[in-house]
Amino acid sequence: MMNRDRLYEELYPARQDRLRIGILSSGAAVFSRIMRSFKSKHPGVHFEPKIEKSEIIYELVLCMARSNSLYEQLHLKDGMIQEEEYPLLKSGKLSVARLPMIVSRVMDDILPVMGLQGEKNYARGDNNTELFTSILYLEDVYCFIPCSRLPDDIAQIRLPFHPKICRVMISRKGSRLGPLQKQFGELACGEIGKLPYYYDL
């Protein structure tokens, strides 16, 4: 009986560490990776995430294949296109995703700022990111799409006028963070810090 009880306690501990986390919907994908990474190191932790809706700002970046002749003409500073180089894009062909929110951002916000709003040299692209980015190789075009994980030979170029996206981490007033909460916070800060574009924490 004693051995059975001890085995049961080892397999089903009475106390299981729980982490209650509130996540904005715009950061759900990032925190999904962070939770998987943390769980691999702390398998006994049980997550209780709650996702809240947020107004999403699409982190659009200028994308083109590094083999594109336009890319060879750019002199990027800290991964960012310079204002004086905007006119170079007039000689290339723009491919625009069919997603309405992205089309609106590109046509109404980005192109006017870059002085390209009168250009007719563009085509509609596919909504599927994988298929859409393959066109960058095949057709030697450029596009504006949300910052994402892409092959290294696709350049993701920041726009100097893009709004900075700040992420904050808060805890309940008066509460004290335990060791696990602190470790999770440190991991989250480190992972978000690796995101290459527009983020500040």
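See the structure above.
The following paragraphs examine the structure supplied in this document. From a predicted model like this one, the values you see are computed outputs, not experimental measurements.

### Focus on a nonpolar patch on the surface
Thinking step 1. Residues Ile135, Tyr137 and Leu138 make up a contiguous nonpolar surface patch of roughly 290 Å² in combined accessible area.
Thinking step 2. With respect to the secondary-structure elements, isoleucine 135 resides in helix α5 (residues 129-138).

### Here we look at the nonpolar core
Thinking step 1. Ranked by internal contacts, the top residues of the largest apolar core, which has 23 residues, are Leu62, Ile81, Leu89, Tyr142 and Phe144.
Thinking step 2. Of all the secondary structure elements, the ones that give two or more residues to this core are β3 (60-65), β4 (94-96), α4 (100-113), β6 (142-146) and β7 (154-157).
Thinking step 3. Sort the elements by how many residues they give to this core and α4 lands first, with five residues.
Thinking step 4. Every residue in contact with phenylalanine 144, bar those within four places of it in the chain, is listed here: Leu60, Val61, Leu62, Leu94, Ser95, Ile102, Val106, Ile110, Leu111, Met114 and Leu159.
Thinking step 5. Ranked by size, the runner-up nonpolar core spans 15 residues in total, among them Leu19, Val30, Phe31 and Phe184.

### Quick word on the packing of aromatic side chains
Thinking step 1. According to the stated counting rule, one finds six aromatic pairs in the structure shown.
Thinking step 2. With 6.4 Å between their ring centres and 35 degrees between their planes, phenylalanine 31 and phenylalanine 184 make a pair best called tilted. Linking phenylalanine 31 in helix α2 (residues 28-41) with phenylalanine 184 in helix α6 (residues 179-194), this pair joins segments that are 153 residues apart in sequence. Across this residue pair, the class does not change: phenylalanine 31 and phenylalanine 184 are buried.
Thinking step 3. For the pair tyrosine 86 and phenylalanine 161, a centre-to-centre distance of 6.4 Å together with 90 degrees between the ring planes defines the contact as edge-to-face. Of this pair, tyrosine 86 sits in the loop between α3 (69-73) and β4 while phenylalanine 161 sits in the loop between β7 and β8 (165-166), and the two are 75 residues apart along the sequence.
Thinking step 4. Aromatic rings pair up to connect Phe31, Phe38, Phe47 and Phe184 into one cluster.

### Observations concerning the pattern of salt bridges
Thinking step 1. Per the stated rule, a full pass over the model turns up three salt bridges.
Thinking step 2. Across the pair glutamate 48 and arginine 18 runs a salt bridge whose closest N-O atoms are separated by 2.8 Å. One end of the pair, glutamate 48, is in strand β2 (residues 46-52); the other, arginine 18, is in strand β1 (residues 18-24), with 30 residues separating them in the sequence.
Thinking step 3. Residue glutamate 48 is classed as partly exposed on the basis of its relative accessible area, which comes to 26%.

### Focus on the pairing of β7
Thinking step 1. Both faces of β7 are covered, namely the face carrying Ile154 and Gln156 and the face carrying Ala155 and Ile157.
Thinking step 2. The pairing of β3 with β7 spans four bridges and is antiparallel. Each residue of the ladder has a partner; that of alanine 65, found in β7, is isoleucine 154.

### A few points about the packing of α2 against α6
Thinking step 1. Look at α2 against α6: their axes get within 10 Å of each other, and the N-to-C directions meet at 130 degrees. With respect to each other, α2 and α6 are oriented oblique. Relative to α6, α2 is oriented so that their crossing is right-handed. Within the contact between the two elements, α2 uses Val30, Phe31, Ile34, Met35, Ser37 and Phe38 and α6 uses Leu180, Gln183, Phe184, Leu187, Ala188, Glu191 and Ile192.
Thinking step 2. When its residues are assigned to classes, the contact of α2 with α6 shows ten nonpolar, two polar and one charged.

### Some remarks on α2
Thinking step 1. The first and last C-alpha atoms of α2 sit 20 Å apart over 14 residues, in line with the 20 Å expected at 1.5 Å per residue.
Thinking step 2. Buried within α2 we find Val30, Phe31, Ile34, Met35 and Phe38. For α2, the angular spread of buried residues about the axis comes to 130 degrees, placing them on one side. Those residues of α2 that are exposed and angled more than 90 degrees off the buried face are Ala29, Arg36 and Ser40.
Thinking step 3. Elements that come into contact with the buried residues of α2 comprise β1, β2 and α6.

What counts, and where the lines are drawn
Residues numbered from 1 in each chain as written. Predicted model: local features only at pLDDT ≥ 70, side-chain atom pairs only at ≥ 80, totals over all residues. Heavy atoms only, no water. Patch = residues over 30% accessible without salt bridge, like charges linked within 9 Å, V, L, I, M, F, W, Y side chains within 5 Å. Areas by Shrake-Rupley, 256 points an atom, 1.4 Å probe, with all protein chains shown as cover. Salt bridge = Lys/Arg side-chain N within 4 Å of Asp/Glu carboxyl O. Helix = DSSP H or I, 4+ residues; strand = E, 2+ residues; numbered from the N terminus. Core = buried A, V, L, I, M, F, W, Y, C linked by side-chain atoms within 4.5 Å. Buried < 20%, exposed > 50% of the residue type's maximum accessible area, 1.4 Å probe, protein only. Contact = heavy atoms within 4.5 Å. Phe/Tyr/Trp six-rings, centres within 6.5 Å; stacked < 30°, edge-to-face > 60°. Pairing = 2+ DSSP bridges. Axes fitted to C-alpha atoms, helices over the stretch in contact; angles between N-to-C directions. Parallel < 35°, antiparallel > 145°, perpendicular 65-115°, else oblique. Left-handed = near helix turned anticlockwise from the far one by under 90°. Nonpolar A, V, L, I, M, F, W, Y, C, P; charged D, E, K, R; others polar. Expected span 1.5 Å × (residues − 1). Arc of directions from axis to C-beta.

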